[in-house]
Every structure is written in C-alpha cells, then in structure tokens.
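For reference, the chains in residue letters:
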Amino acid sequence: MNFPSISIPADILKRARFIGAGLAVSLAVLVPGTVWYKGAVRSMSESSSHELAKMLNVRLTLLRQQVATELAVAGSDLWDEASPGRNKRLRRDLPFDLVAVFDRDRRIVDGFRYIAATKSNADLLADAARRVVPADSRFFDQVTESQSSSGIVMVDGRPLLVAVRRVAAGKTSEKSGFALVGRWLDGRRLASDGAQAESGVEIFSLTAEDTMTSDVREAVSVAQRNHGFTYDIDSRGDGVVYALLDDISDRPAIVAKVAWALPWKTSGTIGFGMFYLSTLLAGVGTWALLTWNEKKNKRRVRRFDGLSSLTVDHIRTLVEAFPGYAFAVRSDLQYVGVSRILAGVTGQESSYFAGQAFGTVAAEWNDGALVTVFTSLRDPAKWPRTTKISHVVEGLGERHEFSGMAHYLAKQDLLLVILTLKEAAEIKNLPGSDREVLSEKAVA
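Now for a description of the structure that goes with this document. (Residues numbered from 1 in each chain as written. Predicted model: local features only at pLDDT ≥ 70, side-chain atom pairs only at ≥ 80, totals over all residues. Heavy atoms only, no water.)

Brief notes about the packing of aromatic side chains
Alright, step 1. As enumerated under the stated definition, the model contains 8 aromatic pairs in all.
Alright, step 2. Ring geometry for Y335 versus F353: centroids 5.2 Å apart, planes at 85 degrees, classification edge-to-face. Of the two residues, Y335 is situated in strand β12 (residues 335-338) and F353 in helix α9 (residues 350-353); the sequence distance between them amounts to 18 residues.
Alright, step 3. We classify Y335 as buried; its relative accessible area is 3%. (Phe/Tyr/Trp six-rings, centres within 6.5 Å; stacked < 30°, edge-to-face > 60°. Helix = DSSP H or I, 4+ residues; strand = E, 2+ residues; numbered from the N terminus. Buried < 20%, exposed > 50% of the residue type's maximum accessible area, 1.4 Å probe, protein only.)

Printed below as a string of structure tokens:
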C-alpha cells in the first residue's frame, strides 16, 4: 500500500525549530533550578522541623523547672496549721492538680487531687496513690537532700508533669520523706507563643495507640529512627512536626503533633514563582529573538534590491563584463547575456548570444534543469532564491562541464547563473564526425 508523501512548508518547519529552541532553553533553566529547589526545600524542612522539635523539648524542660521551683517555694508551707497534733494534713489550697507526701518507705502520708468537674479537691487514698506514683518509681531514687527531680508520668493515659523533693514526712516529724506535686500537661501549656498557642499542640500517649490517628502512628516509628522527630509537608509549605518527648525516667512517653510552616513560605513562594516565570520568559524570549532576527534578515535582503534594481540592459552589460563563467537567461529560455570567458570557450562573441535560444549556440545542456529551476524559485516561500545547477557547453571541438549557482531575479523574471569548471571534469577534443556521438555518450 502506497501512502502519499507529505510535504511540510519550509516556513512552518522553521517556526517549529524556533519553538523547539525556546523549549530547550526553558528546560535548560528549569531542570537545574527544579533540582536545586527540591534540595533546598528538603534541607530547609529538615532543619526547621528539627529546630521546632528541639523547641518543644526546651519548652518541656522549662515547664519541669517551673514545677520544681514552685515545689521548692511551697516546700516549707505544705502543712495545714489548723489540723490537730500528729494528724497534720496537707493544705488543700495548694495550686497543683496533684499533691502527695510519702514517707521514706514510699508509703503515702497524705495527698489530694484536684477535680476539675467539681472544682474541688479529693483525698488521695493509698490505692489511688499507687496508681498515680508506683512505689518503685525510679524518680524517687534520683532525689537527694538538695536536688529535686521533675518530669512526665503517665496517669490513666494522660501526661502529668510532676516534681519530687525531699521534705519532712509530717509537720512535726523529723524523718524525711518525699513531696510530690503535679500538673496535667496539655497542648496549650506546651505550645510557645504565637501561632502554636492559637492552634495548640496535640499530645498522644505512646501507651494508648487506640487514641492515635493513622498519621501519628506512622510518624512514631519514623521519629524513633530519626533522632526523635519527623515531619510532613505539602507543596504550599504547610506541614506538621511530630516530636517524641521523654518521661521522668528518660523514656519516650508521648508524641507531640504541632502545625508548622516553612519560614520562607511567603517569600519562598514569591521567589520561586519568579524563577518559574523567568524560565518561561527565557523560552519565549529565545523564540521571539529568533523570529525577530529572521524577519530582520528578510527585511534587510528585501530593502536592498541589489541586482533586481537593474534593468535588463544593465544586467546584460554586467554579465558580459563578468570576469568568470556566467550567463543570464529569461523565463522563455532566451539569453540575456553571456560573459566573455564563457563565450570564448565556444568560439563566439558575447554579443552573439543575446536573444538566442538556450541550447542552440554551443550544444548547451543541463538536463532540462532551467525549467525546473524557474518553477521552484518563483515560489515566494523559497528563500533565498538560489539553487545549485550543472551546465555543459561544447565549442571549438571541446566539451566543458560546469557547476554553479542559479540566482532568480524576481523583478526581471530571469536567472543569473554563475559557473565554475568541475575539478574532475576532462576537456576532450571532439574531432570530426565523432563529436556528436561522444557528446551524447558524455551526457548519458
């Protein structure tokens, strides 16, 4: 099955090349910039989320120190002066969510919890005290006479920020025990000022997986391998940081989830938007420059008419005076003029050729190319209006082969052909009656 050949105009091909060049320039700018952009976002995200995770740990340390300081201040005034004799009770107006005093055997002496629903304090019984603070808790062992211990303990799946300090086990007791105070840790207390305080920090217990969302469960396993934090970020620069926080025994106890945005969210979006715009402008600019240059060249060529501004008589004079091989011919294949050197190889004068039909003077021959050349070069889409051509003449018993360029002069509708002798061509003598036979064989 034969398919018809498709010919694409040269002008369309040229425009396609200009568009391709513009796309290539855009990609040459865009690809390295995109690679750098992704690396910069990854590096900035890692650094910024790490700083936020460190900030949460610093915030937790400050809260621990705050509770420990409040315990130290209240340590000398824990007991209710109005309670009788040896049955001294702790003051019930202390500003904590949990207060308890243990003897040195870690048995509770007295304590209470603040009930938010009723806004009142309830006594802390021994069984409840063991659920809040197990007797074998390691943080009791870390407490010395002059140093307190503070941190997080998990109570009923909730984080309680506690501080422990050695005190007298009773108002009149000389034996030392341990005083423990605590406050519930929520997201707003853990958040710093600004946007985090407004949105808060979500806190999840590692021992209560059923309360975790799917993203938190996935983040915990990643954070444990990534120095205690991980992050998630979208294309707009908004994201979430997950940070593991340790309990009073320095073991991961909770994961804090906090909303976060890249510091360069606004400026970076504008900056990279300008970068992508510059890549587009680079491509469009390349296409526009090539198109403008093409039009400029065409205007320049057409502005200076050159030989087209001459009359036919002027062209004849110019061709006859040309110092090389040249001739000019009309569209009806009649000579306008022939250079002296080309006329000389035929044994004729230049003036003899004017008005003569092509092929009748010196067996001129070019396989009918002149008709084809006129047809193709008349097309305005053809630029420049030149083409290669071969030429053969015979004269003075010799055959000469030429190659050259045919230039179409649209104003006069004629061809100006400038020739050079073929380097490999041989000039052969054609004696007598053999001339025509040899000439036909050479042309064939």
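Having seen the model, we can carry on.
Thoughts on unusual backbone geometry
Alright, step 1. Its identity is not glycine, yet R106 carries a phi of approximately 65 degrees, on the positive side.
Alright, step 2. When you line up the elements, R106 lands in the loop between β1 (98-102) and β2 (108-115).
Alright, step 3. Although it is not a glycine, H227 sits at a positive phi angle of roughly 60 degrees.
Alright, step 4. Residue position: H227 is located in the loop between α5 (214-225) and β8 (229-233).

As for the sheet that holds strand β7 (residues 202-205)
Alright, step 1. Spatial ordering of the open sheet is given by β7-β10-β9-β8, a layout of 4 strands whose pairing is antiparallel. Each edge of the open sheet is held by one strand with a lone partner, namely β7 and β8. Sheet twist, expressed as the mean angle between neighbouring strand axes with direction ignored, is 20 degrees.
Alright, step 2. Bridge count between β8 and strand β9 (residues 238-246): 5 bridges; the pairing is antiparallel. (Pairing = 2+ DSSP bridges. Axes fitted to C-alpha atoms, helices over the stretch in contact; angles between N-to-C directions.)

Remarks on the environment of V101
Alright, step 1. In this structure, V101 sits in strand β1.
Alright, step 2. The sequence separation of V101 and V167 amounts to 66 residues, and the corresponding C-alpha distance is 8.3 Å.

Concerning the nonpolar core
Alright, step 1. Among the nonpolar cores identified, the biggest contains 38 residues, and L60, L78, V99, V181, L185 and L190 are the most heavily contacted of them.
Alright, step 2. At the level of secondary structure, the elements contributing two or more residues to this core comprise α1 (10-74), β1, β5 (158-168), β6 (176-184), β9 and β10 (252-261).
Alright, step 3. Considering each element in turn, this core owes the most residues, 10 residues, to α1.
Alright, step 4. Setting aside residues no more than four positions away along its own chain, L60 makes contact with I152, L161, L185, L190, L245 and D246.
Alright, step 5. Within the second largest apolar cluster, 23 residues are counted, among which are Y335, A343, F374 and V417. (Core = buried A, V, L, I, M, F, W, Y, C linked by side-chain atoms within 4.5 Å. Contact = heavy atoms within 4.5 Å.)

Things to note about the environment of S45
Alright, step 1. In this fold, S45 is placed in helix α1.
Alright, step 2. The buried category is assigned to S45, whose relative accessible area is 1%.
Alright, step 3. In sequence terms S45 and I233 are 188 residues apart; their C-alpha atoms lie 8.0 Å from each other.

A closer look at the side chain of D110
Alright, step 1. Looking at where D110 falls in the secondary structure, it is placed in strand β2.
Alright, step 2. Of the polar contacts made by the side chain of D110, one reaches the side chain of R92; its length is 3.1 Å.
Alright, step 3. When residues no more than four places from it in sequence are discounted, the contact partners of D110 are R89, L90, R92, V99, A100 and V101. (Polar contact = N/O pair within 3.5 Å; in protein donor to acceptor, adjacent residues only side chain to side chain.)

Examining the pairing of strand β15 (residues 414-421)
Alright, step 1. Pairing between strand β11 (residues 325-330) and β15: 6 bridges, direction antiparallel. The residue bridging A328 from the neighbouring strand is L416, located in β15.
Alright, step 2. Two strands pair when backbone bridges link them, and strand β14 (residues 398-409) and β15 are joined in this way by 8 bridges, in the antiparallel orientation. By the bridge assignment, A406 is partnered in β15 with V417.

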